[in-house]
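Residue-level structure breakdown
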Amino acid sequence: MNEIRAAVLSGTATSQDYANLPLPDSYRAVTVHADEVGMFEGQTTWEKDPRKSLHLDEVALPELGPGEALVAVMASAINYNTVWTSIFEPVPTFAFLRKYGRLSELTKRHDLPYHILGSDLAGVVLRTGPGVNKWKAGDEVVAHCLSVELEDAAGHNDTMLDPEQRIWGFETNFGGLAEIALVKTNQLMPKPDHLTWEEAASPGLVNSTAYRQLVSRNGAGMKQGDVVLIWGASGGLGSYATQYALNGGAIPVCVVSSPQKAEICRAMGAELIIDRNAEEYRFWSDPQTQNPKEWQRFGARIRELTGGEDPDIVFEHPGRETFGASVYVARRGGTIVTCASTSGFQHEYDNRYLWMNLKRIVGSHFANYREAWEANRLIQKGMIHPTLSRSYSLENAGQAAFDVHRNLHQGKVGVLCLAPGEGLGVRDAALRDRHRSEIDRFRDV
Ligand SMILES: NC(=O)c1ccc[n+]([C@@H]2O[C@H](COP(=O)([O-])OP(=O)(O)OC[C@H]3O[C@@H](n4cnc5c(N)ncnc54)[C@H](OP(=O)(O)O)[C@@H]3O)[C@@H](O)[C@H]2O)c1
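A short tour of the structure in this document, coming up. Predicted model only: the values in this text are computed from it and were never measured.

Quick look at the overall build of the protein chain
The number of helices and strands found in the protein chain is 16 helices and 20 strands. When its C-alpha atoms are laid out on the principal axes, the protein chain stretches across 65 × 50 × 40 Å. Restricting to contacts in the protein chain with at least 6 residues of sequence separation, those with at least 24 account for 73%. Side-chain charges in the protein chain split into 45 positive and 55 negative, and the spacing between the mean points of these groups amounts to 4 Å.

Rendered as C-alpha coordinates:
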(Lines give C-alpha, C1' and ligand atoms only; values in the text may rest on other atoms or scores of the structure.)
Protein backbone atom coordinates (compact mmCIF):
# COMPACT_ATOMS: atom_id res chain seq x y z
CA MET A 1 0.00 0.00 0.00
CA ASN A 2 2.92 2.30 0.74
CA GLU A 3 4.24 1.85 -2.80
CA ILE A 4 0.85 2.76 -4.22
CA ARG A 5 0.64 5.84 -2.03
CA ALA A 6 4.20 6.85 -2.97
CA ALA A 7 3.41 6.50 -6.67
CA VAL A 8 0.38 8.78 -6.34
CA LEU A 9 2.24 11.31 -4.23
CA SER A 10 5.14 11.45 -6.71
CA GLY A 11 2.73 12.86 -9.29
CA THR A 12 5.02 11.47 -11.99
CA ALA A 13 4.26 7.73 -12.03
CA THR A 14 3.22 6.54 -15.49
CA SER A 15 0.42 4.20 -16.42
CA GLN A 16 3.04 1.48 -16.85
CA ASP A 17 4.48 2.20 -13.38
CA TYR A 18 1.02 1.68 -11.88
CA ALA A 19 0.43 -1.44 -13.95
CA ASN A 20 3.72 -2.86 -12.61
CA LEU A 21 2.86 -2.16 -8.98
CA PRO A 22 1.80 -5.33 -7.17
CA LEU A 23 -1.63 -5.10 -5.57
CA PRO A 24 -1.95 -6.08 -1.92
CA ASP A 25 -4.13 -9.05 -0.90
CA SER A 26 -5.93 -6.89 1.63
CA TYR A 27 -6.56 -3.26 2.50
CA ARG A 28 -8.15 -1.13 5.23
CA ALA A 29 -11.81 -0.21 4.92
CA VAL A 30 -14.64 1.26 6.99
CA THR A 31 -17.27 -1.41 7.57
CA VAL A 32 -20.39 -2.39 9.45
CA HIS A 33 -20.75 -6.00 10.57
CA ALA A 34 -23.74 -8.25 9.84
CA ASP A 35 -23.61 -9.76 13.34
CA GLU A 36 -24.07 -6.30 14.89
CA VAL A 37 -27.25 -5.12 13.15
CA GLY A 38 -29.20 -5.48 16.42
CA MET A 39 -26.72 -3.49 18.53
CA PHE A 40 -28.93 -0.39 18.82
CA GLU A 41 -32.20 -2.15 19.59
CA GLY A 42 -34.40 -0.09 21.92
CA GLN A 43 -32.56 3.18 21.17
CA THR A 44 -34.04 6.19 19.38
CA THR A 45 -32.60 7.25 16.02
CA TRP A 46 -30.91 10.14 17.81
CA GLU A 47 -29.22 7.87 20.36
CA LYS A 48 -27.72 5.46 17.83
CA ASP A 49 -24.02 6.25 17.60
CA PRO A 50 -22.12 5.58 14.34
CA ARG A 51 -18.84 5.55 16.29
CA LYS A 52 -19.93 2.24 17.84
CA SER A 53 -21.00 0.47 14.65
CA LEU A 54 -18.35 1.64 12.17
CA HIS A 55 -15.13 -0.39 12.16
CA LEU A 56 -11.82 0.01 10.39
CA ASP A 57 -11.05 -3.52 9.19
CA GLU A 58 -8.44 -5.22 7.08
CA VAL A 59 -10.49 -6.74 4.23
CA ALA A 60 -9.67 -8.98 1.27
CA LEU A 61 -9.14 -7.35 -2.13
CA PRO A 62 -12.13 -8.28 -4.30
CA GLU A 63 -11.66 -9.98 -7.64
CA LEU A 64 -11.83 -7.52 -10.56
CA GLY A 65 -14.61 -8.19 -13.07
CA PRO A 66 -15.36 -7.07 -16.64
CA GLY A 67 -16.10 -3.35 -16.96
CA GLU A 68 -14.74 -2.63 -13.49
CA ALA A 69 -11.78 -0.83 -11.94
CA LEU A 70 -9.85 -1.02 -8.72
CA VAL A 71 -9.06 2.50 -7.57
CA ALA A 72 -6.51 3.68 -4.99
CA VAL A 73 -8.65 5.97 -2.85
CA MET A 74 -6.87 9.13 -1.73
CA ALA A 75 -9.95 10.64 -0.12
CA SER A 76 -13.65 10.05 0.35
CA ALA A 77 -16.52 11.87 2.05
CA ILE A 78 -19.37 11.23 4.44
CA ASN A 79 -22.83 11.10 2.99
CA TYR A 80 -26.02 10.69 4.90
CA ASN A 81 -26.37 7.17 3.45
CA THR A 82 -23.33 6.17 5.54
CA VAL A 83 -25.20 7.50 8.58
CA TRP A 84 -28.25 5.39 7.64
CA THR A 85 -26.10 2.28 7.18
CA SER A 86 -24.25 2.87 10.44
CA ILE A 87 -27.46 3.07 12.48
CA PHE A 88 -29.09 0.21 10.52
CA GLU A 89 -32.05 2.41 9.53
CA PRO A 90 -34.53 2.21 7.92
CA VAL A 91 -33.23 -1.34 7.23
CA PRO A 92 -29.80 -2.95 7.58
CA THR A 93 -28.03 -2.62 4.22
CA PHE A 94 -27.04 -6.31 4.27
CA ALA A 95 -30.47 -6.97 2.72
CA PHE A 96 -29.33 -4.95 -0.34
CA LEU A 97 -26.08 -6.92 -0.55
CA ARG A 98 -27.91 -10.25 -0.35
CA LYS A 99 -30.29 -9.22 -3.12
CA TYR A 100 -27.45 -7.96 -5.34
CA GLY A 101 -25.53 -11.16 -4.64
CA ARG A 102 -28.35 -13.22 -6.12
CA LEU A 103 -28.11 -11.45 -9.50
CA SER A 104 -25.04 -13.20 -10.97
CA GLU A 105 -21.88 -15.17 -10.28
CA LEU A 106 -19.96 -11.88 -10.29
CA THR A 107 -22.25 -9.93 -7.99
CA LYS A 108 -22.03 -12.74 -5.41
CA ARG A 109 -18.77 -11.06 -4.31
CA HIS A 110 -20.84 -8.28 -2.72
CA ASP A 111 -22.76 -10.51 -0.34
CA LEU A 112 -20.38 -10.58 2.62
CA PRO A 113 -20.78 -10.47 6.41
CA TYR A 114 -19.23 -6.99 6.32
CA HIS A 115 -20.27 -3.97 4.28
CA ILE A 116 -17.60 -1.53 3.08
CA LEU A 117 -19.29 1.86 2.97
CA GLY A 118 -18.78 5.11 1.14
CA SER A 119 -20.30 6.59 -2.04
CA ASP A 120 -17.64 9.13 -2.99
CA LEU A 121 -13.98 8.93 -3.89
CA ALA A 122 -11.09 10.75 -5.48
CA GLY A 123 -8.08 8.64 -6.38
CA VAL A 124 -6.08 6.86 -9.05
CA VAL A 125 -7.03 3.88 -11.19
CA LEU A 126 -4.88 0.86 -10.34
CA ARG A 127 -6.32 -1.83 -12.61
CA THR A 128 -9.14 -2.10 -15.11
CA GLY A 129 -11.05 -5.27 -15.95
CA PRO A 130 -11.69 -6.84 -19.36
CA GLY A 131 -13.56 -4.67 -21.85
CA VAL A 132 -12.41 -1.31 -20.47
CA ASN A 133 -10.87 1.04 -23.02
CA LYS A 134 -11.63 4.55 -21.83
CA TRP A 135 -9.76 4.34 -18.53
CA LYS A 136 -6.32 3.04 -17.63
CA ALA A 137 -4.04 2.59 -14.65
CA GLY A 138 -2.73 5.97 -13.48
CA ASP A 139 -5.80 8.02 -14.42
CA GLU A 140 -6.72 10.50 -11.68
CA VAL A 141 -10.46 10.16 -11.15
CA VAL A 142 -13.50 10.77 -9.06
CA ALA A 143 -16.34 8.25 -9.02
CA HIS A 144 -20.05 8.91 -8.95
CA CYS A 145 -22.18 6.41 -7.11
CA LEU A 146 -24.61 5.15 -9.75
CA SER A 147 -24.22 1.41 -10.27
CA VAL A 148 -26.46 0.02 -13.02
CA GLU A 149 -26.37 -3.21 -14.99
CA LEU A 150 -27.71 -1.52 -18.20
CA GLU A 151 -29.21 -4.79 -19.47
CA ASP A 152 -32.80 -3.57 -19.47
CA ALA A 153 -34.30 -1.15 -22.00
CA ALA A 154 -36.09 0.68 -19.17
CA GLY A 155 -32.84 2.39 -18.25
CA HIS A 156 -31.54 3.19 -21.69
CA ASN A 157 -32.89 6.77 -21.82
CA ASP A 158 -32.36 7.59 -18.18
CA THR A 159 -29.95 5.26 -16.39
CA MET A 160 -31.68 5.98 -13.05
CA LEU A 161 -34.65 4.01 -14.41
CA ASP A 162 -32.64 0.81 -14.81
CA PRO A 163 -34.42 -1.83 -12.70
CA GLU A 164 -31.01 -2.95 -11.40
CA GLN A 165 -30.08 0.57 -10.22
CA ARG A 166 -28.04 0.75 -7.03
CA ILE A 167 -26.08 3.28 -5.04
CA TRP A 168 -22.47 2.12 -4.85
CA GLY A 169 -21.17 1.83 -1.27
CA PHE A 170 -24.73 1.74 0.09
CA GLU A 171 -26.57 -0.90 -1.93
CA THR A 172 -23.32 -2.48 -3.15
CA ASN A 173 -20.16 -3.44 -1.31
CA PHE A 174 -16.55 -2.21 -1.76
CA GLY A 175 -17.30 1.51 -1.28
CA GLY A 176 -15.04 4.54 -1.09
CA LEU A 177 -14.33 4.80 2.65
CA ALA A 178 -11.30 2.58 2.15
CA GLU A 179 -7.79 2.48 0.77
CA ILE A 180 -8.98 0.68 -2.39
CA ALA A 181 -12.44 0.67 -3.96
CA LEU A 182 -14.11 -1.42 -6.63
CA VAL A 183 -16.28 0.49 -9.12
CA LYS A 184 -17.83 0.01 -12.52
CA THR A 185 -15.72 2.10 -14.91
CA ASN A 186 -18.77 4.00 -16.14
CA GLN A 187 -18.84 5.54 -12.64
CA LEU A 188 -15.46 7.15 -13.32
CA MET A 189 -15.06 10.82 -14.21
CA PRO A 190 -11.95 13.02 -14.45
CA LYS A 191 -10.73 14.46 -11.16
CA PRO A 192 -10.98 18.27 -11.23
CA ASP A 193 -7.34 19.33 -11.59
CA HIS A 194 -7.60 22.43 -9.41
CA LEU A 195 -8.80 20.59 -6.32
CA THR A 196 -7.06 18.64 -3.58
CA TRP A 197 -7.95 14.97 -3.14
CA GLU A 198 -10.33 15.67 -0.27
CA GLU A 199 -12.01 18.59 -2.06
CA ALA A 200 -12.43 16.56 -5.23
CA ALA A 201 -13.96 13.66 -3.29
CA SER A 202 -16.56 15.74 -1.50
CA PRO A 203 -19.12 16.97 -4.07
CA GLY A 204 -19.88 13.75 -6.05
CA LEU A 205 -23.05 12.32 -4.51
CA VAL A 206 -24.74 15.48 -3.28
CA ASN A 207 -23.70 17.66 -6.22
CA SER A 208 -25.11 15.19 -8.76
CA THR A 209 -28.28 14.73 -6.69
CA ALA A 210 -28.88 18.47 -6.38
CA TYR A 211 -28.23 18.90 -10.11
CA ARG A 212 -30.90 16.38 -11.12
CA GLN A 213 -33.33 17.46 -8.41
CA LEU A 214 -33.17 21.17 -9.17
CA VAL A 215 -31.70 21.79 -12.62
CA SER A 216 -32.43 18.75 -14.78
CA ARG A 217 -35.70 18.35 -16.67
CA ASN A 218 -35.94 15.03 -14.84
CA GLY A 219 -36.27 17.08 -11.64
CA ALA A 220 -37.68 20.58 -11.15
CA GLY A 221 -36.17 22.06 -14.36
CA MET A 222 -35.31 25.34 -12.64
CA LYS A 223 -35.21 28.46 -14.82
CA GLN A 224 -34.01 32.04 -14.45
CA GLY A 225 -36.01 34.06 -11.96
CA ASP A 226 -37.54 31.07 -10.16
CA VAL A 227 -37.95 31.51 -6.42
CA VAL A 228 -36.41 28.36 -4.90
CA LEU A 229 -37.00 27.48 -1.26
CA ILE A 230 -34.03 25.39 -0.11
CA TRP A 231 -34.21 23.44 3.15
CA GLY A 232 -30.85 22.87 4.86
CA ALA A 233 -29.28 25.37 2.47
CA SER A 234 -25.78 25.08 3.95
CA GLY A 235 -25.89 21.28 4.34
CA GLY A 236 -24.65 18.58 1.95
CA LEU A 237 -27.38 18.81 -0.69
CA GLY A 238 -28.42 22.36 0.13
CA SER A 239 -24.97 23.88 -0.31
CA TYR A 240 -25.03 22.72 -3.94
CA ALA A 241 -28.70 23.60 -4.49
CA THR A 242 -27.92 27.15 -3.33
CA GLN A 243 -25.03 27.38 -5.79
CA TYR A 244 -27.18 26.04 -8.64
CA ALA A 245 -29.95 28.51 -7.88
CA LEU A 246 -27.50 31.43 -7.86
CA ASN A 247 -25.62 30.22 -10.96
CA GLY A 248 -28.85 29.71 -12.87
CA GLY A 249 -30.27 33.15 -12.18
CA ALA A 250 -32.87 31.92 -9.72
CA ILE A 251 -33.68 33.46 -6.33
CA PRO A 252 -32.84 31.11 -3.47
CA VAL A 253 -34.68 31.40 -0.17
CA CYS A 254 -32.30 29.58 2.16
CA VAL A 255 -33.58 27.85 5.30
CA VAL A 256 -30.94 27.14 7.95
CA SER A 257 -30.79 26.63 11.72
CA SER A 258 -28.07 28.96 13.03
CA PRO A 259 -26.49 32.37 12.43
CA GLN A 260 -23.24 30.68 11.27
CA LYS A 261 -25.13 28.74 8.62
CA ALA A 262 -26.95 31.91 7.58
CA GLU A 263 -23.58 33.59 7.21
CA ILE A 264 -22.29 30.82 4.91
CA CYS A 265 -25.36 31.23 2.70
CA ARG A 266 -24.75 34.97 2.58
CA ALA A 267 -21.11 34.31 1.64
CA MET A 268 -22.33 32.10 -1.24
CA GLY A 269 -24.32 35.10 -2.48
CA ALA A 270 -27.80 34.32 -1.16
CA GLU A 271 -29.72 37.28 0.21
CA LEU A 272 -32.99 35.76 1.42
CA ILE A 273 -32.39 33.61 4.48
CA ILE A 274 -34.64 32.14 7.16
CA ASP A 275 -33.18 30.87 10.44
CA ARG A 276 -35.77 28.23 11.34
CA ASN A 277 -34.43 27.98 14.88
CA ALA A 278 -34.44 31.68 15.64
CA GLU A 279 -37.92 32.06 14.15
CA GLU A 280 -39.12 28.95 16.02
CA TYR A 281 -41.33 27.31 13.43
CA ARG A 282 -43.28 24.42 14.94
CA PHE A 283 -45.05 22.73 12.06
CA TRP A 284 -46.24 19.93 14.37
CA SER A 285 -48.19 20.61 17.59
CA ASP A 286 -47.58 17.00 18.63
CA PRO A 287 -46.13 13.97 16.77
CA GLN A 288 -49.50 13.30 15.10
CA THR A 289 -50.89 16.80 14.50
CA GLN A 290 -49.64 19.54 12.22
CA ASN A 291 -50.26 23.21 12.83
CA PRO A 292 -51.36 24.95 9.61
CA LYS A 293 -51.02 28.32 11.33
CA GLU A 294 -47.28 27.71 11.37
CA TRP A 295 -47.35 26.90 7.63
CA GLN A 296 -49.05 30.27 7.15
CA ARG A 297 -46.52 32.09 9.32
CA PHE A 298 -43.70 30.46 7.34
CA GLY A 299 -45.36 31.36 4.02
CA ALA A 300 -45.86 34.94 5.14
CA ARG A 301 -42.16 35.16 6.04
CA ILE A 302 -41.19 33.91 2.58
CA ARG A 303 -43.44 36.55 0.99
CA GLU A 304 -41.93 39.20 3.20
CA LEU A 305 -38.48 38.27 1.91
CA THR A 306 -39.43 37.90 -1.77
CA GLY A 307 -41.67 40.95 -1.99
CA GLY A 308 -44.86 38.91 -2.07
CA GLU A 309 -43.86 35.91 -4.20
CA ASP A 310 -44.27 32.23 -3.35
CA PRO A 311 -41.66 29.58 -4.24
CA ASP A 312 -41.77 28.19 -7.78
CA ILE A 313 -39.76 25.26 -6.46
CA VAL A 314 -39.37 23.77 -3.00
CA PHE A 315 -36.16 21.74 -2.66
CA GLU A 316 -37.29 19.09 -0.16
CA HIS A 317 -35.39 16.45 1.81
CA PRO A 318 -36.19 16.85 5.57
CA GLY A 319 -39.44 14.97 4.89
CA ARG A 320 -42.12 14.43 7.52
CA GLU A 321 -41.30 17.45 9.64
CA THR A 322 -41.42 20.00 6.80
CA PHE A 323 -43.39 18.41 3.96
CA GLY A 324 -46.80 19.80 4.95
CA ALA A 325 -45.31 23.29 5.05
CA SER A 326 -43.48 22.73 1.75
CA VAL A 327 -46.69 21.76 -0.07
CA TYR A 328 -48.50 24.73 1.48
CA VAL A 329 -45.94 27.43 0.59
CA ALA A 330 -45.23 26.38 -3.02
CA ARG A 331 -46.84 28.80 -5.45
CA ARG A 332 -49.90 27.95 -7.53
CA GLY A 333 -48.53 25.63 -10.23
CA GLY A 334 -45.27 25.22 -8.31
CA THR A 335 -43.14 22.13 -7.80
CA ILE A 336 -42.12 20.35 -4.62
CA VAL A 337 -39.14 18.19 -5.56
CA THR A 338 -38.09 15.62 -2.98
CA CYS A 339 -35.17 13.20 -2.71
CA ALA A 340 -35.30 12.20 0.94
CA SER A 341 -37.08 12.04 4.28
CA THR A 342 -34.48 12.62 6.96
CA SER A 343 -37.08 13.29 9.69
CA GLY A 344 -39.48 10.50 8.66
CA PHE A 345 -40.74 9.00 5.41
CA GLN A 346 -44.47 8.94 6.18
CA HIS A 347 -45.36 12.41 4.93
CA GLU A 348 -48.63 14.21 5.65
CA TYR A 349 -49.85 17.21 3.73
CA ASP A 350 -53.20 18.83 3.02
CA ASN A 351 -54.01 17.68 -0.49
CA ARG A 352 -56.46 20.53 -1.07
CA TYR A 353 -53.52 22.90 -1.39
CA LEU A 354 -51.92 20.60 -3.93
CA TRP A 355 -54.79 19.86 -6.30
CA MET A 356 -56.72 23.13 -6.05
CA ASN A 357 -53.52 25.06 -6.76
CA LEU A 358 -52.25 22.67 -9.43
CA LYS A 359 -48.97 22.01 -7.67
CA ARG A 360 -46.92 18.90 -8.35
CA ILE A 361 -44.68 16.69 -6.26
CA VAL A 362 -41.69 15.26 -8.11
CA GLY A 363 -39.59 12.39 -6.77
CA SER A 364 -35.88 12.56 -7.54
CA HIS A 365 -33.04 10.20 -6.70
CA PHE A 366 -29.30 10.60 -7.31
CA ALA A 367 -28.62 11.34 -11.01
CA ASN A 368 -28.23 9.42 -14.23
CA TYR A 369 -24.81 8.91 -15.84
CA ARG A 370 -25.15 12.01 -17.97
CA GLU A 371 -26.36 14.24 -15.14
CA ALA A 372 -23.54 13.08 -12.87
CA TRP A 373 -21.03 13.85 -15.65
CA GLU A 374 -22.55 17.31 -16.26
CA ALA A 375 -22.48 18.09 -12.53
CA ASN A 376 -18.80 17.05 -12.32
CA ARG A 377 -18.00 19.14 -15.40
CA LEU A 378 -19.26 22.23 -13.58
CA ILE A 379 -16.89 21.46 -10.71
CA GLN A 380 -14.02 20.94 -13.17
CA LYS A 381 -14.70 24.32 -14.76
CA GLY A 382 -14.79 26.12 -11.42
CA MET A 383 -18.46 27.04 -11.85
CA ILE A 384 -19.65 25.02 -8.83
CA HIS A 385 -17.36 24.61 -5.84
CA PRO A 386 -16.78 21.98 -3.18
CA THR A 387 -18.28 22.82 0.21
CA LEU A 388 -15.80 20.91 2.36
CA SER A 389 -15.68 22.15 5.94
CA ARG A 390 -13.25 19.65 7.51
CA SER A 391 -11.63 16.28 6.97
CA TYR A 392 -11.09 13.30 9.25
CA SER A 393 -8.69 10.37 8.98
CA LEU A 394 -10.00 6.94 7.99
CA GLU A 395 -9.55 5.90 11.65
CA ASN A 396 -11.99 8.66 12.65
CA ALA A 397 -14.65 8.00 10.02
CA GLY A 398 -17.02 7.07 12.86
CA GLN A 399 -16.66 10.54 14.36
CA ALA A 400 -17.18 12.09 10.92
CA ALA A 401 -20.45 10.15 10.51
CA PHE A 402 -21.45 11.08 14.06
CA ASP A 403 -21.03 14.80 13.23
CA VAL A 404 -23.30 14.47 10.20
CA HIS A 405 -25.86 12.41 12.14
CA ARG A 406 -25.98 15.07 14.87
CA ASN A 407 -26.07 17.95 12.33
CA LEU A 408 -22.87 19.37 13.87
CA HIS A 409 -21.25 19.87 10.48
CA GLN A 410 -21.37 22.44 7.68
CA GLY A 411 -21.44 21.53 3.99
CA LYS A 412 -19.46 18.34 3.48
CA VAL A 413 -17.20 16.34 5.77
CA GLY A 414 -14.21 14.68 4.08
CA VAL A 415 -12.25 11.55 4.96
CA LEU A 416 -8.58 11.11 4.09
CA CYS A 417 -7.90 7.55 2.96
CA LEU A 418 -4.45 7.07 1.37
CA ALA A 419 -3.74 10.82 1.37
CA PRO A 420 -1.31 11.42 4.28
CA GLY A 421 -2.65 14.95 4.83
CA GLU A 422 -4.81 17.67 3.37
CA GLY A 423 -3.86 19.95 0.51
CA LEU A 424 -2.36 17.38 -1.90
CA GLY A 425 -3.24 16.50 -5.48
CA VAL A 426 -3.64 19.96 -7.04
CA ARG A 427 -2.56 19.87 -10.70
CA ASP A 428 -3.90 23.24 -11.92
CA ALA A 429 -2.76 25.89 -9.46
CA ALA A 430 -3.82 28.79 -11.70
CA LEU A 431 -7.48 27.74 -11.82
CA ARG A 432 -7.34 27.08 -8.07
CA ASP A 433 -6.00 30.56 -7.40
CA ARG A 434 -8.86 32.07 -9.40
CA HIS A 435 -11.42 30.37 -7.14
CA ARG A 436 -9.56 30.12 -3.86
CA SER A 437 -12.05 32.08 -1.77
CA GLU A 438 -15.04 30.09 -3.07
CA ILE A 439 -13.24 26.76 -2.55
CA ASP A 440 -12.35 27.73 1.04
CA ARG A 441 -15.73 29.22 1.92
CA PHE A 442 -16.87 26.35 4.17
CA ARG A 443 -13.45 25.67 5.69
CA ASP A 444 -13.36 25.36 9.48
CA VAL A 445 -16.64 27.20 10.06
N1 LIG B 1 -32.03 10.39 -2.95
C2 LIG B 1 -30.79 10.77 -3.07
O3 LIG B 1 -30.17 10.54 -4.09
C4 LIG B 1 -30.11 11.50 -1.96
C5 LIG B 1 -28.87 12.06 -2.16
C6 LIG B 1 -28.25 12.77 -1.13
C7 LIG B 1 -28.86 12.84 0.10
N8 LIG B 1 -30.07 12.25 0.28
C9 LIG B 1 -30.74 12.34 1.58
O10 LIG B 1 -31.02 13.71 1.79
C11 LIG B 1 -30.98 14.01 3.17
C12 LIG B 1 -30.04 15.20 3.40
O13 LIG B 1 -28.75 14.84 2.97
P14 LIG B 1 -27.57 15.89 3.12
O15 LIG B 1 -26.33 15.27 2.63
O16 LIG B 1 -27.96 17.20 2.58
O17 LIG B 1 -27.51 15.96 4.71
P18 LIG B 1 -26.95 17.12 5.64
O19 LIG B 1 -25.59 17.53 5.22
O20 LIG B 1 -27.17 16.64 7.02
O21 LIG B 1 -27.88 18.39 5.37
C22 LIG B 1 -29.27 18.34 5.60
C23 LIG B 1 -29.71 19.64 6.25
O24 LIG B 1 -31.13 19.61 6.33
C25 LIG B 1 -31.54 20.37 7.45
N26 LIG B 1 -32.47 19.58 8.23
C27 LIG B 1 -32.24 18.39 8.83
N28 LIG B 1 -33.34 17.99 9.51
C29 LIG B 1 -34.27 18.95 9.32
C30 LIG B 1 -35.59 19.12 9.78
N31 LIG B 1 -36.19 18.23 10.55
N32 LIG B 1 -36.26 20.25 9.39
C33 LIG B 1 -35.67 21.18 8.60
N34 LIG B 1 -34.41 21.06 8.16
C35 LIG B 1 -33.72 19.97 8.51
C36 LIG B 1 -30.31 20.70 8.28
O37 LIG B 1 -29.97 22.05 8.04
P38 LIG B 1 -30.32 23.21 9.10
O39 LIG B 1 -30.17 22.57 10.45
O40 LIG B 1 -29.35 24.30 8.83
O41 LIG B 1 -31.73 23.64 8.79
C42 LIG B 1 -29.22 19.81 7.67
O43 LIG B 1 -27.97 20.43 7.69
C44 LIG B 1 -30.54 12.72 3.87
O45 LIG B 1 -31.68 12.06 4.35
C46 LIG B 1 -29.90 11.92 2.76
O47 LIG B 1 -29.94 10.54 2.98
C48 LIG B 1 -30.71 11.60 -0.71
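Concerning the nonpolar core
Counting 109 residues, the largest nonpolar core has L121, L188, Y244 and F366 as the members making the most contacts within it. Top contributing element to this core by residue count: strand β3 (residues 68-77), with seven residues. The residues contacting L121, other than those within four sequence positions of it, are V71, V73, A75, S76, V141, V142, A143, W168, A181, V183 and A201. By size, the runner-up hydrophobic cluster in this structure holds 21 residues, among which are F283, W295, V314 and V329.

Quick word on the pairing of β3
Of all 10 residues that make up β3, 10 are buried, and the element is covered over most of its length. Two strands pair when backbone bridges link them, and β3 and strand β9 (residues 180-184) are joined in this way by five bridges, in the antiparallel orientation. Looking at the pairing, E68 lines up with K184 of β9. Pairing analysis gives six bridges linking β3 to strand β5 (residues 121-128), with the strands arranged antiparallel. Among the inter-strand pairings, A72 is bridged to a residue of β5, identified as V124. Inspection of the sheet shows β3 paired to strand β20 (residues 412-416) by three bridges, in the antiparallel sense. Bridge pairing in β20 links A77 to G414.

Let's talk about the site of the ligand
Near the ligand there are 26 residues, and of these S257, R276, T342, F366 and H409 occur at the shortest range. One of the side-chain nitrogen or oxygen atoms of N407 is found 2.9 Å away from an oxygen atom of the ligand. H409 places a side-chain nitrogen or oxygen 2.7 Å from an oxygen atom of the ligand. Relative to its unbound accessible surface of 900 Å², the ligand loses 91% to contact with the protein. At the level of elements, α4 (80-86), α7 (204-215), α8 (236-247) and α11 (320-329) are the ones that each hand at least two residues to the shell around the ligand. For the shell around the ligand, the element with the highest residue contribution is α7, accounting for three residues. Taken together, the residues that form the shell around the ligand break down as 11 nonpolar, 12 polar and three charged.

Focus: the sheet that holds strand β11 (residues 227-230)
Strand pairing in a sheet relies on backbone hydrogen bonds, with the paired strands running either antiparallel or parallel. Taken together, the six strands give an open sheet; going across it, the order is β13-β12-β11-β16-β17-β18, and neighbouring strands pair in parallel fashion. Two strands lie at the open edges of the sheet, namely β13 (272-275) and β18 (360-363), each paired on one side alone. Averaged over all pairs of adjacent strands, the angle between their axes in this sheet comes to 20 degrees, without regard to strand direction. The pairing of strand β17 (residues 335-338) with β18 spans four bridges and is classified as parallel. Bridge pairing links T335 to R360 in β18. Across the sheet, α8 touches β11, β12 (251-256) and β16 (313-316), and the angle it forms with β11 is around 170 degrees.

Each value, and the rule that gives it
For every chain, the first residue of the written sequence is number 1, and numbering continues from 1 along that sequence. Per-residue local features of the predicted model are confined to residues with pLDDT of at least 70, and side-chain atom pairs are confined, for both listing and counting, to 80 or more; whole-chain, interface and lining totals are unaffected and use all residues. Hydrogens and waters are ignored; side-chain quantities use all the structure's heavy atoms. Runs of E in the DSSP output that reach at least two residues are strands. Runs of H or I that reach at least four are helices, and both are numbered from the N terminus. Here a residue-residue contact requires only that any non-hydrogen atoms of the pair lie within 4.5 Å. Charged residues are defined narrowly, with Lys and Arg counted positive, Asp and Glu counted negative, and His plus the chain ends left uncounted. Think of each charge as sitting on NZ of Lys, CZ of Arg, CG of Asp or CD of Glu. Buried Ala, Val, Leu, Ile, Met, Phe, Trp, Tyr and Cys residues that are joined via side-chain atoms within 4.5 Å together make up what is termed a nonpolar core. Each residue gets one of three labels from its accessible area relative to the maximum for its type: buried under 20%, exposed over 50%, partly exposed in between, using a 1.4 Å probe on protein chains only. Any two strands with at least two DSSP bridges between them are considered paired. In these notes, residues near a molecule or strand are those with any non-hydrogen atom within 4 Å of it. In protein, a polar contact requires one atom able to donate a hydrogen and another able to accept it; more generally it is a pair of N or O atoms within 3.5 Å, and residues adjacent in sequence count only if both atoms are side-chain atoms. The accessible surface values rely on the Shrake-Rupley method and a 1.4 Å probe; as for residues, cover is taken only from the protein chains in view. When residues are sorted by character, Ala, Val, Leu, Ile, Met, Phe, Trp, Tyr, Cys and Pro go into the nonpolar class, Asp, Glu, Lys and Arg into the charged class, and all the rest, Gly among them, into the polar class. Here an axis means a line fitted to C-alpha atoms, over the contact stretch when the element is a helix, while the angle between two N-to-C directions is reported on a 0 to 180 degree scale.

Without other data, these values stay purely geometric and don't point to any function.
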